[in-house]
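# What the coordinates show
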Amino acid sequence: MNKGVKTCLWAAWIVLAAVAAYGLGERAVAGKELANYGSYVPWGLWVSTYIYFIGLSAGAFLLSSMVYVFGVKSLARVGRLALFTAAVTLGMALFSIWMDLGHMWRAYEVLTRPNFHSMMAWMVWLYTGYFLLILAELWFELRCDLATRAAAGGALAPLYRLLSLGWTCPTDAAELQACHQQSLRVLRRLGALGIPLAIAFHGGVGALFATLSARPYWHSGLFPILFLTGALVSGGALLLCLVSLLGAGGSEREQKELRVFLARLVLVLLVFDVILEWAEVSIPLWYGVGSEVGLWKEILFGHYGYVFWVFHLGLGVVVPLALLLKGQASRFATGLAGLLVATTFLAVRLNIVIPPQTEPHLRGLAEAYSDARLRFEYVPSLFEWAVVAAVVAAGMAVFWLGLRLLPLLNGEGPEEDAAQTVSSEPVAVAASSESAGDAAEREGSAEPSDPDAPPAIQASPA
Amino acid sequence: MEQAGASLGKPRDTKGGRATRRELFARALAAAGGLSALALTREGLAKEPAILDRPDDWAPGNALERMRRDLERALAKPMEKRKWVMVIDLEKCIGCKACTVSCVAENNLPPGVVYRPVVEEERGEFPHVRKRFIPRPCMHCDNPPCTPVCPVGATWKRPDGIVAVDYDACIGCRYCLSACPYNARTADFGEFYTEGLAEGSEAFAGPRASGYETRPSFEYGKEWRRTPGSHASPMGNARKCQFCLHRIENHLLPACVTTCLGGATYFGDFNDPESLVHELVGSSRMMRLKEELGTEPSVFYLA
Ligand code: SF4
Ligand code: SF4
């Protein structure tokens, strides 16, 4: 990462943290008084950011499964990063929705007294399983590195010992090899378990909305599919952005291959997503009659039409498509395209959550009783954005800590082997028994990564 | 000419014309008086009891009396044998919103929480315009879309038909608000009418002095106190009309029924064929809101 980008990120984080302090303080003292949503638009920005972050998580996780389960070689280097990104964004999603609860300290009730008729209860249970699964995958992926670091001593050794759960890495080459193979097997199984889980919970988030018969706009069988595609697009784009920004270990050629692969993947997913969206928009609008026409007209040409045209279609589809089609080779272009798709996906989420709630179920209800909470309009307040800033700042901080403390970018773990194992079993042994010198040479040619990073996670063998 | 005049009748003088109209008026009055006098005789009552049992012929006070008797009969039965329903006669509703206000007072509702708004509907074009007023309590749907969505099972349909919320369990996710097709649930955001007003502020001196906002409400038979600065239930919860369950169980009709100026709101046990509501639901004017959704509301309208 170059110095300029780094300074910008730090500056952004400091601003976000300052805004976050205000948001969290206000949330703690005054509750949700300054939030602009109410009883007729009961779900606002925080529900939108929740489905946005959960989408990023599911997308990143499904991409990690491509490494561990399907052994997609081109993605091998992002396995750890994808898993860690999935964990962090899941945390951000849960933080968002936790802020949204009227009784935050009762959230545990979903585990202690669940009602399994409710899609929301299912979600929470599935997230819990998913979170444990990510932790387990990360542990198997990193355990050798963590144990090595714990053994190496130093100030952080106790932390690594804790993270490795006291596990010690065999020193004997053959045992080490067997240990790697075991990790691979476990990761493949966990990843395979994770795929239906990720599909279930993110399709389930779509179903959480789609099962509500009260709102025809949400009540669509396409919704779960749309959510899954959206997850893959936005999660893939986030990884593309991260990989372009941070590199992912390996030679320049390998990194470029990875970027091009991810860029193509995002491109295809983006096009597929647009096709689905076209179906969603064009079918209710085609003849200009029906209950959803007014709502779609409002989304497209109403007050907040710019959310669709500028943020979603312009910055989230057209510009990234152009960048991905023309500039796959350029690290800047792929990074920017990834960033644009990943961030502007919030516009898609907002357009899913907010507009259908602005239509009264009974005409005249808005005028029947006057109160700021009984309006069929909604624009997030500054306070709400401040809480989102807190979620983002927390996510960035955890991500930064992860990058500094965990070996997420250098492909020393078994994921490299994983890809090779599946691509051709015999090669796997050869590849994993590669001499240390070869590995060092390969690492040495990697892009210089974070100069401030502690030596343990420096890509260079120095 | 005279003959012709006689055969054609005398040309009417103004005086004679006036006399005729006065006569007609007097006859009409006498006839009406006679009819009503007849109707009020004991024989009249004995002959046509069914007609007099029609709520239209009852003064609102009498309908209340009958509903009270219905209530007593229902309360004498086990809870699962009752089915509470409400009937609202839209022809009688005058749009005064007394029910809305009495409900706010009964349940000590804070800003932004309302259980029974009265929706106004304008029909026709000038000069042929009519207004219709549609009070909208919770429909206490027999097939409620709001209960299965609750992640913690904090809201459910009781055997007596009332859709209840357990304020102590509700986590305030507002999924049920999103699921209700009548916008009948509101969330308590923990606000107060008198909050932020300078001490002694004229406009709110009354409510503050009387402690209106901090007085307890007795929904679901428990005592709920809202205190500024605390986030205790019912603050942070989903709230809705509960047919004044706490009143019913104390042998009182719901607040909106007893305060309805137009005598337009009826309440009772639908499982009792003798009840007034049972009779009214059988009307050809009966309709329910959004019947097509299959929610099977327990609130019936006479349109
Ligand atoms: S009207 Fe709404 S809140 Fe009341 S029972 Fe029906 S769905 Fe539930
Ligand atoms: S707001 Fe309360 S009652 Fe409604 S679904 Fe959520 S937990 Fe259940």
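This is a predicted model, so every value here is computed, not measured.

Moving on to the overall build of chain B. Scanning chain B for helices and strands turns up 11 helices and 10 strands. With 303 residues in all, chain B has 49% of them scored as buried. Accessible surface, chain B: about 15,100 Å² in total, of which carbon and sulfur atoms supply 58%.

Another point: the sheet that holds strand E9 (residues 286-287) of chain B. All names here are of chain B. What the four strands build is an open sheet, ordered E8-E1-E10-E9; its pairing is mixed. Strands at the two margins of the open sheet, each flanked by one partner only, are strand E8 (265-269) and E9. Examined bridge by bridge, E9 and strand E10 (residues 299-302) share two bridges and lie antiparallel to one another. When the bridges of E10 are listed, Met287 appears paired with Tyr301.

A few words on the site of ligand 2. Contacts to ligand 2 come from Cys150, Pro151, Val152, Thr155, Cys170, Ile171, Gly172, Cys173, Arg174, Tyr175, Cys176 and Ala238 of chain B. Along the lines of polarity and charge, the residues of the shell around ligand 2 split into nine nonpolar, two polar and one charged.

This paragraph deals with the interface of chain B and chain A. Taken together, the 53 residues of chain B in the interface contact 47 residues of chain A. Between chain B and chain A, a total of about 3,800 Å² is buried, with carbon and sulfur atoms accounting for 53% of that surface. When residues of chain B are sorted by the area they lose upon contact with chain A, Tyr175, Asn183 and Phe189 of chain B head the list and together hold 19% of the total. At the junction of chain B and chain A, the tally comes to two salt bridges. At the surface where chain B touches chain A, the tally comes to 29 residue pairs in polar contact (both at pLDDT 80 or more). Within the residue set of the side of chain B that touches chain A, elements represented by two or more residues are helix H6 (98-106), strand E2 (118-123), helix H7 (175-179) and strand E6 (186-187) of chain B. A total of four residues in the side of chain B that touches chain A trace back to one element, the largest contributor, which is H7 of chain B. Its residues assigned to classes, the side of chain B that touches chain A shows 30 nonpolar, 13 polar and 10 charged.

Take the side chain of Arg136 of chain B next. With respect to the helices, strands and loops of the structure, Arg136 of chain B is situated in the loop between strand E3 (130-135) and strand E4 (155-157). Look at Arg136 of chain B: it is buried, it has no salt bridge, and the nearest opposite charge is Glu367 of chain A at 12 Å. In this structure the side chain of Arg136 of chain B is engaged in a polar contact, spanning 3.5 Å, whose partner is the backbone oxygen of Tyr115 of chain B.

With that settled, consider the site of ligand 1. Taken together, 13 residues are adjacent to ligand 1, and Cys138, Met139, Cys141, Cys146 and Cys180 of chain B come closest. Its residues placed into classes, the shell around ligand 1 shows 10 nonpolar, one polar and two charged.

Residue and element names in this part refer to chain B. At the junction of Phe126 and Pro127, the peptide bond is cis and its omega measures out at 10° in the coordinates. Relative to the helices and strands, Pro127 is located in the loop between E2 and E3. Residue Ser233 is joined to Pro234 through a cis peptide bond whose omega torsion reads 10°. For Asn183, which is not glycine, the phi dihedral falls at a positive 50°. On the basis of relative accessibility, which here comes to 2%, the residue Asn183 falls in the buried class. Notably, Glu296 is not glycine yet its phi reads approximately 50°, a positive angle. Its place among the elements puts Glu296 in the loop between E9 and E10. Its relative accessible area of 36% is what places Glu296 among the partly exposed residues.

By size, the foremost hydrophobic cluster in this structure holds 197 residues, and its most contacted members are Trp43, Val205, Phe209 and Leu262 of chain A together with Trp84, Phe243 and Phe267 of chain B. With 16 residues, the top contributor of residues to this core is helix H2 (residues 45-68) of chain A.

Next up on the list: the pattern of salt bridges. Residues and elements named next belong to chain B. Counted by the stated rule, this structure contains 30 salt bridges over all chains. For Arg66, the salt bridge is made with Glu279, and the minimal N-O distance between the two is 2.9 Å. With a gap of 213 residues between them, Arg66 in helix H5 (residues 60-75) and Glu279 in helix H11 (residues 276-281) connect regions that are remote in the sequence. By relative accessible area, Arg66 is classed as buried at 7%. Given a relative accessible area of 34%, Glu279 falls into the partly exposed group. Of the charged contacts in the structure, one is a salt bridge between Arg73 and Asp272, with a shortest N-O distance of 2.8 Å. One end of the pair, Arg73, is in helix H5; the other, Asp272, is in the loop between E8 and H11, and 199 residues separate them in sequence.

All names here are of chain B. Where burial is concerned, most of strand E1 (residues 84-89) is hidden: six out of the six residues are buried. Here E1 pairs with E8 via five bridges, running antiparallel. Following the sheet pairing, Val85 is matched in E8 by Gly268. Of the strand pairs in this sheet, E1 and E10 are connected by four bridges, and their pairing is parallel. Among the inter-strand pairings, Met86 is bridged to a residue of E10, identified as Val299.

Residues and elements named next belong to chain B. When you line up the elements, Arg247 lands in helix H9 (residues 245-248). Taking the relative accessible area as the measure of exposure, Arg247 reaches 15% and is therefore buried. A distance of 3.2 Å separates polar atoms of two side chains, one belonging to Arg247 and the other to Glu106. A polar contact of 2.7 Å, which involves the side chain of Arg247, links it to the backbone oxygen of Leu253.

On to the confidence of the model for chain B. All names here are of chain B. On average, residues of chain B carry a pLDDT of 83, and 75% of them reach 70 or more. Overall, residues 1-55 carries pLDDT values under 50, and its contacts beyond four positions in sequence, including any with other chains, amount to 17 contacts. Overall fold confidence for the complex sits at a pTM of 0.84, while the interface term, ipTM, reaches 0.85.

This part takes up helix H7 (residues 173-210) of chain A. When the terminal C-alpha atoms of H7 of chain A are compared, their 53 Å separation across 38 residues agrees well with the 56 Å that a helix rising 1.5 Å per residue should span. The largest bend along H7 of chain A reaches roughly 25° and is located at Gly204 of chain A.

Next up on the list: the state of the cysteines. Residues and elements named next belong to chain B. Scanning all chains against the criterion turns up zero disulfides over all chains. Here Cys99 is not disulfide-linked; the sulfur of Cys260 is the nearest cysteine sulfur, at 6.3 Å. For Cys99, a relative accessible area of 8% puts it in the buried group. Unpaired in terms of disulfides, Cys241 finds its nearest cysteine sulfur in Cys138, a separation of 5.5 Å. The exposure class assigned to Cys241 is buried, which follows from its relative accessible area of 9%.

Residues and elements named next belong to chain A. As for its position among the elements, Gly79 is in helix H3 (residues 79-100). Judged by its relative accessible area of 0%, Gly79 is buried. As for Gly79 and Thr128, which are separated by 49 residues in sequence, their C-alpha atoms are 21 Å apart. Residues within four places of Gly79 in sequence aside, it is in contact with Ser64, Val67 and Tyr68.

Parameters at a glance
- Residues numbered from 1 in each chain as written.
- Chains lettered and ligands numbered in written order.
- Predicted model: local features only at pLDDT ≥ 70, side-chain atom pairs only at ≥ 80, totals over all residues.
- Heavy atoms only, no water.
- Helix = DSSP H or I, 4+ residues; strand = E, 2+ residues; numbered from the N terminus.
- Buried < 20%, exposed > 50% of the residue type's maximum accessible area, 1.4 Å probe, protein only.
- Areas by Shrake-Rupley, 256 points an atom, 1.4 Å probe, with all protein chains shown as cover.
- Pairing = 2+ DSSP bridges.
- Near = heavy atom within 4 Å.
- Nonpolar A, V, L, I, M, F, W, Y, C, P; charged D, E, K, R; others polar.
- Contact = heavy atoms within 4.5 Å.
- Buried area = accessible area lost by both parts, 1.4 Å probe.
- Salt bridge = Lys/Arg side-chain N within 4 Å of Asp/Glu carboxyl O.
- Polar contact = N/O pair within 3.5 Å; in protein donor to acceptor, adjacent residues only side chain to side chain.
- Lys, Arg positive; Asp, Glu negative; His and termini not counted.
- Core = buried A, V, L, I, M, F, W, Y, C linked by side-chain atoms within 4.5 Å.
- pLDDT = per-residue confidence, 0-100.
- Expected span 1.5 Å × (residues − 1).
- Bend = angle between axes of the 7 residues up to and from the residue.
- Disulfide = S-S within 2.5 Å.

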